[in-house]
Amino acid sequence: MADTALTARPRSPLAHAAGRLAAATRSSQGAVRLAELPFLTQLDVRLDAKGAAADAVGLALGLQLPLEPNTVVRAGELTVLWLGPDEWLLVAPPGSERDLESRIREAAGDEPVSVTDVSAQRTTLLVAGEHARDLLAHGCSLDLHPRAFAPGRCAQTTLGRTQVVLVARDEPRAGFWVLVRSSFAGYLTDWILDAATEYV
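Residues numbered from 1 in each chain as written. Predicted model: local features only at pLDDT ≥ 70, side-chain atom pairs only at ≥ 80, totals over all residues. Heavy atoms only, no water.

*Asks:* Would you mind showing me how to read the sheet that holds strand 3 (residues 72–75) here?
*Replies:* Each strand in a sheet pairs with its neighbour through backbone hydrogen bonds, running either in the same direction (parallel) or in the opposite one (antiparallel). Read from one edge to the other, the open sheet built from five strands follows the order 3-4-5-2-6, with strand pairing classed as antiparallel. Only two strands of the sheet have a single partner each, and these edge strands are strand 3 and strand 6 (113–117). Geometrically, the sheet is characterised by an average inter-axis angle of 20° between neighbouring strands, direction not taken into account. Pairing geometry for strand 2 (residues 41–47) and strand 6, over five bridges, is antiparallel. Following the sheet pairing, Leu43 is matched in strand 6 by Asp117. (Pairing = 2+ DSSP bridges. Helix = DSSP H or I, 4+ residues; strand = E, 2+ residues; numbered from the N terminus. Axes fitted to C-alpha atoms, helices over the stretch in contact; angles between N-to-C directions.)

Okay, here's the thing in structure tokens:
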């Protein structure tokens, strides 16, 4: 019987755009830094924020699940985004989804919990540099001033008419993550590159 196992390496939704993102970064001389962060683990977790599972899961992950709307908690390489009163998105290095899911389910025990691997659903764009906020403000209706959208904040919003999850990274120099559905990633990258021409 023929071997039907997949042997080809996975290809990110924006592999074709890597050169253009790097060229825009070079041309801007640091004003904007653009790159895809492919294959990040992304787990959607739902549980009762006031139940015993929330504390147990937080302990197993080495952090406290954020309870304030639109905030981010980070511990080591794990980032947790608040998406709703009973919903979080865990973002971690590629390939860590099984370990994280196992730790969450084991910690929750008999408490109701939902863990869904959505890693293949989205890719992540890094938008950083001195003019990162200005670039994003071209197509986002949120107030992105640091007083309103400081590091450690996140929001489900639209950018260039595309639904995204926008994350202000821990340090201002770290810029933003733009989590976008894979099927819209090419369009949004074209939009970002077009908006970036002001700085190159």
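*Asks:* Just checking my understanding: could you explain the packing of helix 1 (residues 18–27) against helix 5 (residues 182–196) for this structure?
*Replies:* For any two helices packed against each other, the geometry is given by the interaxial angle and the distance between the axes. Packing of helix 1 against helix 5 leaves a shortest axis separation of 11 Å and a crossing angle of 20°. Considered as vectors, helix 1 and helix 5 are oriented roughly parallel to each other. Read as a crossing pair, helix 1 and helix 5 show a hand that is left-handed. Every residue of helix 5 that contacts helix 1 at Arg20, Leu21 and Ala24 is listed here: Thr189, Asp190 and Leu193. Along the lines of polarity and charge, the residues of the contact of helix 1 with helix 5 split into three nonpolar, one polar and two charged. (Parallel < 35°, antiparallel > 145°, perpendicular 65-115°, else oblique. Left-handed = near helix turned anticlockwise from the far one by under 90°. Contact = heavy atoms within 4.5 Å. Nonpolar A, V, L, I, M, F, W, Y, C, P; charged D, E, K, R; others polar.)

*Asks:* For this particular structure, what's the right way to read the packing of aromatic side chains?
*Replies:* The geometry of two aromatic rings is summed up by the distance between their centres and the angle between their planes. Applying the stated criterion across every chain yields a total of one aromatic pair. Centroid distance Phe149 to Phe176: 6.4 Å. Interplanar angle 10°. Geometry classified as stacked. With a gap of 27 residues between them, Phe149 in the loop between helix 4 (132–137) and strand 8 (154–159) and Phe176 in strand 10 (residues 176–181) connect regions that are remote in the sequence. An identical accessibility class is assigned to Phe149 and Phe176; each is buried. Sitting above the plane of the Trp177 ring, Arg169 keeps its charged end 3.9 Å from the centroid. (Phe/Tyr/Trp six-rings, centres within 6.5 Å; stacked < 30°, edge-to-face > 60°. Buried < 20%, exposed > 50% of the residue type's maximum accessible area, 1.4 Å probe, protein only. Lys NZ or Arg CZ within 6 Å of the ring centre and 35° of its normal.)

*Asks:* Can you help me understand the nonpolar core in this one?
*Replies:* Soluble, globular proteins show a tendency: their nonpolar side chains are buried together. Formed by 30 residues in total, the largest nonpolar core has its most connected members in Leu135, Leu136, Leu159, Val178, Leu188 and Ile192. Among the secondary structure elements, those contributing two or more residues to this core are helix 1, strand 7 (122–128), helix 4, strand 8, strand 9 (162–168), strand 10 and helix 5. Per-element accounting of this core gives the leading share, seven residues, to helix 5. Other than its neighbours up to four places away in sequence, Leu159 contacts Leu136, Gly139, Cys140, Val164, Val178, Leu188, Trp191 and Ile192. Counting 19 residues, the second largest nonpolar core, distinct from the first, contains Leu43, Leu61, Trp82 and Ile104. (Core = buried A, V, L, I, M, F, W, Y, C linked by side-chain atoms within 4.5 Å.)

*Asks:* Just checking my understanding: could you explain the pattern of salt bridges for this structure?
*Replies:* When charged atoms on two side chains of opposite charge get close, those side chains can pair. Per the counting criterion, the structure on display carries seven salt bridges. Arg46 is the salt-bridge partner of Glu87, the closest N and O atoms lying 3.9 Å from each other. With a gap of 41 residues between them, Glu87 in strand 5 (residues 87–92) and Arg46 in strand 2 connect regions that are remote in the sequence. Several salt bridges share partner residues, and in doing so they unite Arg46, Asp86 and Glu87 into one network. (Salt bridge = Lys/Arg side-chain N within 4 Å of Asp/Glu carboxyl O.)

*Asks:* Would you explain unusual backbone geometry in this entry?
*Replies:* With the exception of glycine, most residues fall at negative phi, and the peptide bonds are largely trans. In this model, Phe39 sits at a positive phi of 65°, which is unusual for a non-glycine residue. Examined against the element boundaries, Phe39 turns out to sit in the loop between strand 1 (33–37) and strand 2. Although it is not a glycine, Arg161 sits at a positive phi angle of roughly 65°. The residue Arg161 is located in the loop between strand 8 and strand 9 in this model. Under the relative-accessibility criterion, Arg161 is labelled exposed at 82%.

*Asks:* What is the right way to look at the environment of Glu68 in this model?
*Replies:* Note that Glu68 resides in the loop between helix 2 (52–61) and strand 3. Since its relative accessible area comes to 48%, Glu68 is described here as partly exposed. C-alpha separation for the pair Glu68 and Ala174, spaced 106 residues apart in sequence, amounts to 22 Å. Those residues in contact with Glu68, other than ones at most four positions away along the chain, are Trp82 and Arg153.

Function cannot be inferred from these measures alone, as they are strictly geometric.
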